[in-house]
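Given next are the chains, with one letter for each unit.
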Amino acid sequence: MKNYDVLVVGAGMAGIYSVYRMKENGLAVHAIEAGGGVGGTWFWNTYPGARCDVESLDYSFSFSEELQSETRWSERFAAQPEILQYLNNVVDRFGLRENITCNARANVVRYDQSTRRWTVETDGATYSAKYLIMATGLLSVPVEPSIPGLDAFGGEIYSTGRWPASGVDLKDKRIALFGNGSSGVQVLPTVAKEAESVTLFQRTAGYAIPMRNDLMTDAEFEEAVAAYSERRKRTKESAMGTYWSAYHTSDESLFGASEEERRRVFEKFWDMGGPGFVVAFADILLDMDANKLASDFVRDKIRELVRDPETAEKLVPAADEPIGCKRLCVENGYFEAFNRPNVSVVDLRAEPIGSFGERAIHTADNSHDIDVVILATGFDAFTGSMLRMDVQGRGIALRDKWDEGPSNYLGMLMAGFPNMFTVNGPGTVAANFFLATEVQVDWIGRLIGEAEKRGASAIETDVQGEREWRELLDSVAEMVTVTNHCETWFRGTNVAGKPKVVMNYLGGLGGYSEYCDGVELEGYRHLRFQD
Ligand code: NAP
């Protein structure tokens with residue numbers, strides 16, 4: 001049995017920062033990680049084209065000024081290898097590697113009421129700790145998609161969320177791609193450059209805004225570093241924790257602008273690139289009529305980008321699909337890729353799959369020769385990584401507690417699970433997860449400090465706290481009108497049998513941070529410190 005003050009499950013960005021913060025706070029901390037290396041999402045998602053669609057200057061830790069000014073990002077939006085290298089650098093720079101064990105998947109997680117400690121079992125070891133931080137990732141369990149007949153396919157099948165680290169040779173292969181969310185939109189134009197053919201089997205056409213990625217020049221980097229503290233301050237107070245959210249969010253109504261002015265603003269945001277398009281006017285996410293005008297603009301842009309009108313119409317989202325309800329994709333040549341002779345799209349709603357052959361997919365109208373199927377079909381988000389483990393709290397199993405959907409307080413604490421904290425789990429804020437991680441882990445660190453100061457054996461929230469938090473999540477989501485008008489992993493609708501609930505706090509990073517600080521300043525409302 002290995003004993004610690006704090007055990008962290010997961011060594012992605014949240015796990016790494018938890019280890020750093022708890023160690024700095026003087027606690028004996030250790031992390032276990034299922035993967036063969038640290039990095040979480042950025043360890044597993046090595047698919048061609050993987051990169052982050054939040055600018056790297058923001059999508060990085062802010063806790064160390066030296067770290068942030070030394071990290072010379074090569075591009076405006078870093079690709080997966082650079083982000084993974086960054087996370088490894090953080091681990092080494094702050095001496096955290098000795099505190100992390102990889103290839104250690106937590107299977108059973110139990111609270112012992114008599115000792116007030118948590119026990120975590122992996123295949124080869126048992127760990128014990130007073131405090132447990134579950135940093136298991138919100139997008140770490142790929143969905144097994146329902147694609148009837150796929151079992152009959154005899155070629156290779158790869159999931160973007162579990163891409164082989166050694167890479168896959170796709171040169172001159174005939175590829176079927178399922179999924180056109182953020183992952184699929186990145187995969188398609190990248191693999192199209194080397195594959196013989198790429199056919200997207202599309203269920204729902206989606207919006208995507210150009211990324212406008214570029215190399216970062218020395219002058220741009222130096223300018224950004226000189227203004228970093230102000231940028232960090234503003235992004236932390238902003239809704240999404242990003243530059244565009246801090247500096248380009250409008251408080252003007254779209255209906256206050258003339259048609260000409262509206263067009264000018266839309267064009268400006270389109271040219272600027274990135275997901276900020278949805279805050280070009282204050283009401284795009286709040287008012288369905290405003291949203292329709294914004295989404296019509298993007299629909300027209302797709303028609304301009306895709307030369308063949310029949311293909312374009314398949315790729316244009318339906319008129320009643322609001323922009324910004326599903327998480328907005330940011331693309332690098334996705335729509336233009338359909339102008340290549342080797343890229344096509346099958347609209348599955350008009351032309352469903354009849355059957356799979358050994359090396360083919362047959363629809364009512366066509367037969368497609370296929371060597372490789374790529375599944376970019378999403379994740380069992382927020383709850384999947386926690387529920388795949390057997391987690392037993394004080395007389396209650398997590399699977400029973402979350403039977404009708406996840407419940408917790410501030411997205412971090414649960415009644416019946418003393419001294420357990422979740423980071424970037426259900427109920428947390430939807431924003432730049434590097435900064436959101438720091439907000440949560442710093443708060444947890446201060447709470448543990450308070451518990452230790454009081455000599456408490458355990459800290460636990462109450463069900464009233466959970467109810468208060470659920471009401472807040474639901475009422476804020478209700479205000480962000482467009483989020484109620486589509487099927488999205490933000491509400492659990494992408495997984496069969498999963499409870500359909502609002503999965504996180506849509507009130508913004510600044511608001512979330514303030515709320516949590518308020519709970520702390522009031523002496524920890526809804527928390528009980530046990531002797
Ligand atoms: P996703 O957004 O959930 O998209 C899944 C896609 O698979 C959708 O297009 C879905 O179609 C399709 N699909 C699911 N089952 C299918 C089936 N049986 N047949 C055909 N199509 C099917 O998943 P994701 O693209 O992996 O992205 C998930 C999240 O990860 C993103 O929203 C983002 O937060 C994060 N991510 C971020 C980046 C980044 O750049 N920062 C990159 C990749 C991922 P429907 O729309 O019809 O459901």
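Starting from 1, residues in each chain are numbered consecutively following that chain's sequence as written. With the structure being a predicted model, the display of local features is reserved for residues of pLDDT at least 70 and the display and counting of side-chain atom pairs for 80 or more, all residues being used for whole-chain, interface and lining totals. Excluding hydrogens and water, the side-chain figures rest on all heavy atoms present in the structure.

## Some thoughts on the site of the ligand
Here is step 1 of the chain: Each residue is tested against the molecule or strand, and it is near if at least one of its non-hydrogen atoms lies within 4 Å. Neighbouring the ligand are 25 residues; Arg 51, Ser 183, Arg 203, Thr 204 and Arg 327 lie closest to it.
Here is step 2 of the chain: Ser 146 places a main-chain nitrogen or oxygen 3.1 Å from a nitrogen atom of the ligand.
Here is step 3 of the chain: A 3.5 Å cut-off defines polar contacts: any pair of N or O atoms within that distance qualifies, except that in protein one atom must be a possible hydrogen donor and the other a possible acceptor, and neighbouring residues in sequence count only when both atoms are side-chain atoms. In the environment of the ligand, an oxygen atom lies 3.0 Å from a nitrogen or oxygen atom belonging to the backbone of Asn 180.
Here is step 4 of the chain: For the ligand, the protein covers 86% of the area, taking 900 Å² as the surface of the free molecule.
Here is step 5 of the chain: Strands here mean DSSP runs of E at least two residues long; helices mean DSSP runs of H or I at least four residues long; both are numbered from the N terminus. A per-element tally of the shell around the ligand places helix 5 (residues 182-192) first, with three residues. The accessible surface values rely on the Shrake-Rupley method and a 1.4 Å probe; as for residues, cover is taken only from the protein chains in view.

## Examining the state of the cysteines
Disulfide: a covalent bond formed between the sulfur atoms of two cysteine residues.
Here is step 1 of the chain: Whenever a pair of cysteine sulfur atoms sits within 2.5 Å, that pair is classed as a disulfide. Tallying each qualifying case throughout the model produces one disulfide.
Here is step 2 of the chain: Two residues, Cys 325 and Cys 486, share a disulfide whose sulfurs are 2.0 Å apart. One quick way to see it: the torsion about the S-S bond of Cys 325 and Cys 486 is about -90 degrees, and its sign makes the bridge left-handed. Placement of the pair is Cys 325 in the loop between helix 11 (309-315) and strand 11 (329-331) and Cys 486 in the loop between helix 16 (463-479) and helix 17 (509-521), with a sequence separation of 161 residues.

## Describing the environment of Ala 226
Here is step 1 of the chain: Within the fold, Ala 226 resides in helix 6 (residues 218-226).
Here is step 2 of the chain: Here the alpha-carbon distance between Ala 226 and Ser 69, two residues 157 residues apart in the chain, equals 8.6 Å.

## Some words on the pattern of salt bridges
Two side chains carrying opposite charge are able to pair once their charged atoms lie near each other.
Here is step 1 of the chain: By convention in these notes, a salt bridge is any Lys or Arg side-chain nitrogen within 4 Å of a carboxyl oxygen on Asp or Glu. In total, this model carries 37 salt bridges according to the counting rule given.
Here is step 2 of the chain: Across the salt bridge formed by Glu 520 and Arg 446, the nearest N and O atoms sit 2.8 Å from each other. Residue Glu 520 is located in helix 17, and its partner Arg 446 is located in helix 15 (residues 433-454); the two are separated by 74 residues in the primary sequence.
Here is step 3 of the chain: Between buried and exposed lies partly exposed: a residue is buried under 20% and exposed over 50% of the maximum accessible area for its type, with that area taken using a 1.4 Å probe on protein chains only. On the basis of relative accessible area, Glu 520 is assigned to the partly exposed category, the value being 21%.

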